[in-house]
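Analysis of the macromolecular model
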Amino acid sequence: MQAGFAFSKLADRLASLAPVTADDLHLLADMASTIAHLGSRQTVLRHGDDATQCCLLLQGYLSWQDAESADGQITSIHVPGDIANLHTLHRPRVDGNLIALGPAIVALVPHRFFHDLSARSPAMSRALLLMLLTDHAIQRNWTVNLGSRDALTRVAHLLCEITARLQSVGLARDFRLPSPFTQSDLAAACSISPVHANRTIQELRRCNLLQWQGKTVMITDWPALVRLASFDPTYLGIRPSHEDASSQLKPLTAEVALV
């Protein structure tokens, strides 16, 4: 049951990015993994570690945090279906701290599986490459978010992004989602103070854009939140019809194996 669970989350993520066949996805059934249940704030990888496994997120949220930052600056957030350290396939040395935001479940998969998978299937190799490129695109957008948007727009944009990423793997379809973070985490992700983060959430509530109750966020006016954030999900690379990905495989013309 654990292997199937890991398989389905990764299959959803890869199919959201690239056309892959059922045969391609069945290759994931050979994925050996160790399932780990993480406590809130538990560290998965530390700055300076040499990673030998990929961390596939199954439930909850993970974040990369700046090891040198006194306030735990969050530099990225991962949702279910993400491989939080896919880049370590090529550069094993870790340059930050990978930490669970609340309880989480992960599958730890040896690097060798993904190298072998790429060699066996050009389509899966391409999907993994697109996942890695999407991680970089998200990082670039976070830089823009912090550098050119005010606090209200930063928070709105981050919430739009997290929601869109969850929906791409079949979650948050009703715009209700487990909170990705506490308000202190929100402050660390948006480079604002916790007090400012609290005021920003209150402003979004007053505008009837969302409800934030305990550990649940409910977006009550998605179109208005998107307009406020000027959110364009193109950088996420999500395929509009990824649910039908298994019937849409097209021949590849480029060699992109991740080996």
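Computed from a predicted structure; not experimentally measured. (Residues numbered from 1 in each chain as written. Predicted model: local features only at pLDDT ≥ 70, side-chain atom pairs only at ≥ 80, totals over all residues. Heavy atoms only, no water.)

1. Some words on the pairing of strand β8 (residues 216-219)
- In this structure, strand β6 (residues 176-178) lies alongside β8, joined through 3 bridges in antiparallel fashion. Looking across to β8, one finds that Arg176 is bridged to Met218.
- Judged from the 4 bridges that link them, strand β7 (residues 210-213) and β8 form a sheet pairing that is antiparallel. For Gln211, the partnering residue across the bridge sits in β8 and is Met218. (Pairing = 2+ DSSP bridges. Helix = DSSP H or I, 4+ residues; strand = E, 2+ residues; numbered from the N terminus.)

2. Focus: the nonpolar core
- Counting residues in each nonpolar core, the largest one holds 40 residues, and the members touching the most others are Leu186 and Leu225.
- Ignoring sequence-local partners within four residues, the contact set of Leu225 consists of Ala156, Leu159, Cys160, Leu204, Leu209 and Ile219.
- Of all hydrophobic cores here, the second largest spans 30 residues; its members include Ala11, Ala107, Val109 and Leu132. (Core = buried A, V, L, I, M, F, W, Y, C linked by side-chain atoms within 4.5 Å. Buried < 20%, exposed > 50% of the residue type's maximum accessible area, 1.4 Å probe, protein only. Contact = heavy atoms within 4.5 Å.)

3. Re the confidence of the model for the chain
- Scored by pLDDT, the chain has a mean of 87; 90% of the residues are at 70 or more.
- Scored below 50 in pLDDT, residues 243-259 makes 35 contacts in the model with residues more than four places away or belonging to other chains. (pLDDT = per-residue confidence, 0-100.)

4. Some details on the pattern of salt bridges
- All chains considered together, the criterion is met by 9 salt bridges.
- A salt bridge links Arg120 to Asp30, with the nearest nitrogen and oxygen atoms 3.3 Å apart. Taken as a pair, Arg120 in helix α3 (residues 111-120) and Asp30 in the loop between α2 (22-26) and β1 (34-38) lie far apart in primary sequence, 90 residues in all.
- With relative accessibility at 48%, the residue Asp30 sits in the partly exposed group.
- Note that Asp116 and Arg112 form a salt bridge whose closest N and O atoms lie 3.4 Å from each other. Note that Asp116 and Arg112 are positioned in helix α3 at a spacing of 4 residues, about one turn of the helix.
- One network of salt bridges, in which partners are shared, links Arg13, Asp82, Glu161 and Arg165. (Salt bridge = Lys/Arg side-chain N within 4 Å of Asp/Glu carboxyl O.)

5. Re the packing of aromatic side chains
- Throughout the structure, instances matching the rule amount to 5 aromatic pairs.
- Measuring from ring centre to ring centre gives 5.2 Å for Phe113 and Phe114, while their planes differ by 80°; the resulting arrangement is edge-to-face.
- Among the aromatic residues, ring-to-ring pairing joins Phe175, Trp222, Phe231 and Tyr235 into one connected group. (Phe/Tyr/Trp six-rings, centres within 6.5 Å; stacked < 30°, edge-to-face > 60°.)

6. Looking at the packing of helix α5 (residues 151-167) against helix α8 (residues 222-229)
- Contact pair α5 / α8: the axes reach a minimum separation of 8 Å and the direction vectors enclose 125°. One way to sum up the angle between α5 and α8 is to call them oblique. In this structure, the crossing between α5 and α8 has a hand that is left-handed. Contact residues: α5 offers Leu152, Thr153, Ala156, His157, Leu159, Cys160 and Thr163, while α8 offers Trp222, Leu225, Val226, Leu228 and Ala229. (Axes fitted to C-alpha atoms, helices over the stretch in contact; angles between N-to-C directions. Parallel < 35°, antiparallel > 145°, perpendicular 65-115°, else oblique. Left-handed = near helix turned anticlockwise from the far one by under 90°.)

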